[in-house]
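# Descriptive analysis of the structure
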Number of protein chains: 2
Amino acid sequence: MGNPTIYDVARTAGVGVGTVSRVLNNSTRVSPETQEKVMSAIWALGYRRSKVARQLSTGIQHRNIGAIMPYITPPSFVERLRGIQMALSHQDNDFNLILYTVSEPDRQREQLLTIIDQSTVDGLLITALNISDEERSLLTQAGIPFVLLSDECNGENNCISPDNIQGGALATQHLLQLGHRRVAYVGDAFPNNYGIPTSELRYQGYLSALESYGIAFNSNYVALGVHGEEAAYTLTQALLNLPEPPTAIFAMSDIQAVGCIQAIRAAGLRVPEDISVIGFDDVQLSRYVGLTTIRQHLEQSGYMGMQTLLEMLNTPDQVLPRQLPPLELIVRGTTQPFNPVQGAG
Amino acid sequence: MGNPTIYDVARTAGVGVGTVSRVLNNSTRVSPETQEKVMSAIWALGYRRSKVARQLSTGIQHRNIGAIMPYITPPSFVERLRGIQMALSHQDNDFNLILYTVSEPDRQREQLLTIIDQSTVDGLLITALNISDEERSLLTQAGIPFVLLSDECNGENNCISPDNIQGGALATQHLLQLGHRRVAYVGDAFPNNYGIPTSELRYQGYLSALESYGIAFNSNYVALGVHGEEAAYTLTQALLNLPEPPTAIFAMSDIQAVGCIQAIRAAGLRVPEDISVIGFDDVQLSRYVGLTTIRQHLEQSGYMGMQTLLEMLNTPDQVLPRQLPPLELIVRGTTQPFNPVQGAG
DNA sequence: TACTATAGTGGAAGCGCTTCCACTGTTGAA
DNA sequence: TTCAACAGTGGAAGCGCTTCCACTATAGTA
């Protein structure tokens, strides 16, 4: 039937289970010959000792924290993960960090169910993922505390997320203050597959900033597509081909901002002399590239998320209100005041 | 004494253990009143059900793979991690990936011991870390297969690592072929704390390339420091202040190359017009920055490492020889042919 | 020679759950 | 009224280990 147990090994070797266990834990007090017999029985049966049984009988308490996120491709996920890791290693507790990847949105529910069923984790950090009410209650029922490290909390507690609307406004205001009037927005098409409304929220901020400056909305200046540098590149090309191209672009993420910049340069134009570009996130890369952006302290968010979860694990049924990491305008080299000459272009 | 068990709950609630278990697994067939009693007993005792016992009795087999690495700060670790993740999710097995961070080299042994003692993992992926012979034999004794994802194999099996000497030579040759003769090397001081000889190996490649071109070695052109952009920045400043500054720099990593470039620009010089810079790794960032570099397919290495480990887990005692991911010169915008005018500078 | 250490071993108990079987009441159909 | 069906419950067995106690055989000591 199933896998061989220590009893099978004992029987095969013609010894007692105690002896087998002693060999397994290379304790003393086993004669070389017996050791030999046991080893060959183990080998013959292909025996592998059960982690779980061992843990139960030795009383080892394993505590696992799961971090679940989409493929860790975008730098913004990596930064959060780094913060998560850090918070965990700063506490001197022996939690294990288990990494889960949701490769396809459809599989999210299934993966959560597996995690719950197999009681793998003591707590869950849900990053850049939206969870349904059903999933939420499944977790609650199973007694698994979780914190959301997302871009939208919907009034949810135990959630770390910045004010993306405000952030979008901040970025747009920066461009408007510099005198730009033809300001474009490059972002993800919304709603996206994972149900994360980041792009939509930042777009709302963009709109409100335009409005507060009394600038008429121009739908030509809104370019939406899949997430990533390549799509941003293509969208920007289209923007540049407009009869009246924008003089400034707000890209909803740094990665997309980089795509914009590349497209602008490929078109023989300069950043920021001809077109200003501002991003969002302030990932590591942005410092190297010298990108003006909105810093949202991603690493710190991850850190806060893990801290919150650890607190919840220590004192159950604790409810911590939403925490908003601060947003900050970081002016580097990709934005500059509007130059009237440029408007003529 | 220890934590309350299901028996304590049953006694407190005045019911049988079966009933408590039924409540816990919210199965049917428990009357609302009983449910209520059990719940309040659970609450009163602060009962939390044991993962391990549950897993043992339900026969759930958990298989864990640990990935152990230094703080995941350098992008090169992240890229490998991404490959590791990918390989795991492509197989449809239900392994969990546990992330371990070695924050200080001194704690490495201790952490490995904990992992072994608590029998947490079925296999281990050791990334960018050197392990001693003792640690090696501890793992072997404990029957935990592992693969090294490192920069040096020392003739070791089950190890994925590129030929760093060749890579160093490749980078240097590229600069020499472009006509540069004053070529500097910027890298980590060796040996480093984790015992990883990456810098030393690439430096050897640098030396051999110089030699094959018959160029006299100049120790002023070797700048060693801690890993990272900042140190590279400082080292480059010193290089630029030399009476005869180099006309080209080989930085041992892309991150350091970025530091070099920033220092060069800060000094009012241009890349590559005044000084050429080549990096190593080809991390994501490098594409955005337009850096000439040596691609070592980090993500693919991670992928190969995980695949190898999975094979070892399926067919124990398998020994796979060292695998060398290919190295490739990627010419982008930070190197150009030596310009005699520049030599005068 | 008689006794005590001690090396070497077998096996029961126990880790904290789940699950199955047995049991008691209660309901509703015949 | 009698019986089957079933909701609701208790508790033993078992998951695969470790560990402790009991036991035997041998070596060492007086």
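Scope of this entry: the structure provided in the associated data block. No experiment lies behind these values; they were computed from the predicted model shown.

## Description of the overall build of chain A
Of regular secondary structure, chain A possesses 14 helices and eleven strands. The C-alpha atoms of chain A give a radius of gyration of 27 Å, which is well past the 20 Å a tight globule of 345 residues would have. Projected onto its principal axes, the C-alpha coordinates of chain A cover approximately 95 × 45 × 35 Å. For chain A, buried positions account for 53% of its 345 residues. Sequence separation of 24 or more characterises 71% of the internal contacts of chain A that already satisfy a separation of 6 or more. Of the accessible surface of chain A, which amounts to about 14800 Å², a share of 51% is contributed by carbon and sulfur atoms. Each charge class in chain A was averaged separately, 23 positive and 33 negative side chains, and the resulting centres sit 9 Å apart.

## Thoughts on the state of the cysteines
All names here are of chain A. In the structure shown here, the tally under the stated rule is two disulfides over all chains. The partner cysteine of C153 in its disulfide is C159, sulfur to sulfur 1.8 Å. Handedness here is read from the sign of the S-S torsion; for C153 and C159, about -75°, the answer is left-handed. With relative accessibility at 1%, the residue C159 sits in the buried group.

## Let's talk about the protein's contact with DNA strand D
Neighbouring DNA strand D are 28 residues, the closest being A:S21, B:G16, B:T19, B:R29 and B:T34. Near the protein, within 4 Å, the atoms of DNA strand D are sugar or phosphate in 62% of cases. Take B:T34: an N or O atom from its side chain is 2.3 Å from a phosphate oxygen of DNA strand D. If you list the elements that add at least two residues to the surface near DNA strand D, you get α1 (6-13), α2 (17-24) and α4 (51-58) of chain A together with α2 (17-24) and α4 (51-58) of chain B.

## A few points about the nonpolar core
Grouped together as the largest cluster of nonpolar side chains are 46 residues, with contacts concentrated most on A:I65, A:L97, A:M306, B:I65, B:L97 and B:M306. Beyond its immediate stretch of four places on either side in the chain, B:L97 contacts A:L97, A:I98, A:L99, B:I65, B:A67, B:L81, B:I84, B:Q85, B:L88 and B:M306.

## Remarks on the pattern of salt bridges
Enumeration according to the criterion identifies 29 salt bridges over all chains in this entry. For A:R11, the salt bridge identified is with A:D8, shortest N-O distance 3.3 Å. Taken together, the residues span about one helical turn, with A:R11 and A:D8 both in helix α1 at a distance of three residues. Overall, the relative accessible area of 22% leaves A:D8 in the partly exposed class. Among the ionic pairs, B:R287 bridges to A:E229, the shortest N-O distance being 2.2 Å. On the criterion of chain membership, the pair formed by B:R287 in helix α12 (residues 284-289) and A:E229 in helix α10 (residues 229-240) is interchain, its members lying in two chains. Take B:R287: its relative accessible area is 38%, and that puts it in the partly exposed class.

## Description of the sheet that holds strand β3 (residues 123-127) of chain A
Within a sheet, neighbouring strands are paired by backbone hydrogen bonds and run either parallel or antiparallel to one another. Across the sheet, ten strands lie side by side as β5(A)-β4(A)-β3(A)-β1(A)-β2(A)-β2(B)-β1(B)-β3(B)-β4(B)-β5(B); this open sheet has mixed pairing. Of all the strands in the sheet, the pair left with one neighbour each is β5 (159-160) of chain A together with β5 (159-160) of chain B. With four bridges joining them, strand β1 (residues 63-70) of chain B and strand β3 (residues 123-127) of chain B adopt parallel strand pairing. Opposite B:G66, over in β3(B), you have B:L124 as the bridge partner. Along the sheet face, helix α5 (residues 75-90) of chain B touches β2 (95-102) of chain A together with β1, β2 (95-102), β3 and β4 (146-149) of chain B and points at about 165° away from the line of β2(B). The strands touched by helix α13 (residues 298-314) of chain B within the sheet are β1, β2, β3, β4 and β5 of chain B, with β4(B) carrying the most contacts at an inclination of about 165°.

## Considerations on the protein's contact with DNA strand C
Around DNA strand C, a shell composed of 28 residues is seen, among which A:G16, A:T19, A:T34, B:I6 and B:S21 lie nearest. Residue A:S31 places a main-chain N or O atom 2.8 Å away from a phosphate oxygen belonging to DNA strand C. Elements supplying a minimum of two residues to the surface near DNA strand C: α2 and α4 of chain A together with α1 (6-13), α2 and α4 of chain B. Looking at the surface near DNA strand C residue by residue, the class counts come to eight nonpolar, 14 polar and six charged.

## Structural notes on the interface of chain A and chain B
When the parts of a complex come together, some accessible area is lost, and that lost area is often taken as the interface size. With 52 residues of chain A at the contact, the number on the chain B side is 52 residues. When chain A packs against chain B, close to 4700 Å² is buried across both sides, 50% of that on carbon and sulfur atoms. The closest approach of N and O atoms between B:D122 and A:K51, which form a salt bridge, is 2.9 Å. Along the contact surface separating chain A from chain B lie 16 residue pairs in polar contact (both at pLDDT 80 or more). Going through the elements one at a time, α4, β1 (63-70), α5 (75-90), β2, α6 (108-117), α10, α11 (254-266) and α12 (284-289) of chain A are the ones with two or more residues in the side of chain A that touches chain B. Considering each element in turn, the side of chain A that touches chain B owes the most residues, eight residues, to α5(A). Classifying every residue of the side of chain A that touches chain B by side-chain character gives 23 nonpolar, 17 polar and twelve charged. The pairing of β2(A) with β2(B) spans three bridges and is classified as antiparallel. Bridging from a neighbouring strand, A:L97 pairs with B:L99 of β2(B).

What counts and how
Residues numbered from 1 in each chain as written. Chains lettered and ligands numbered in written order. Predicted model: local features only at pLDDT ≥ 70, side-chain atom pairs only at ≥ 80, totals over all residues. Heavy atoms only, no water. Helix = DSSP H or I, 4+ residues; strand = E, 2+ residues; numbered from the N terminus. Rg over C-alpha atoms; globule rule 2.2 N^0.38 Å. Buried < 20%, exposed > 50% of the residue type's maximum accessible area, 1.4 Å probe, protein only. Contact = heavy atoms within 4.5 Å. Areas by Shrake-Rupley, 256 points an atom, 1.4 Å probe, with all protein chains shown as cover. Lys, Arg positive; Asp, Glu negative; His and termini not counted. Charge placed at Lys NZ, Arg CZ, Asp CG, Glu CD. Disulfide = S-S within 2.5 Å. Near = heavy atom within 4 Å. Polar contact = N/O pair within 3.5 Å; in protein donor to acceptor, adjacent residues only side chain to side chain. Core = buried A, V, L, I, M, F, W, Y, C linked by side-chain atoms within 4.5 Å. Salt bridge = Lys/Arg side-chain N within 4 Å of Asp/Glu carboxyl O. Pairing = 2+ DSSP bridges. Axes fitted to C-alpha atoms, helices over the stretch in contact; angles between N-to-C directions. Nonpolar A, V, L, I, M, F, W, Y, C, P; charged D, E, K, R; others polar. Buried area = accessible area lost by both parts, 1.4 Å probe.

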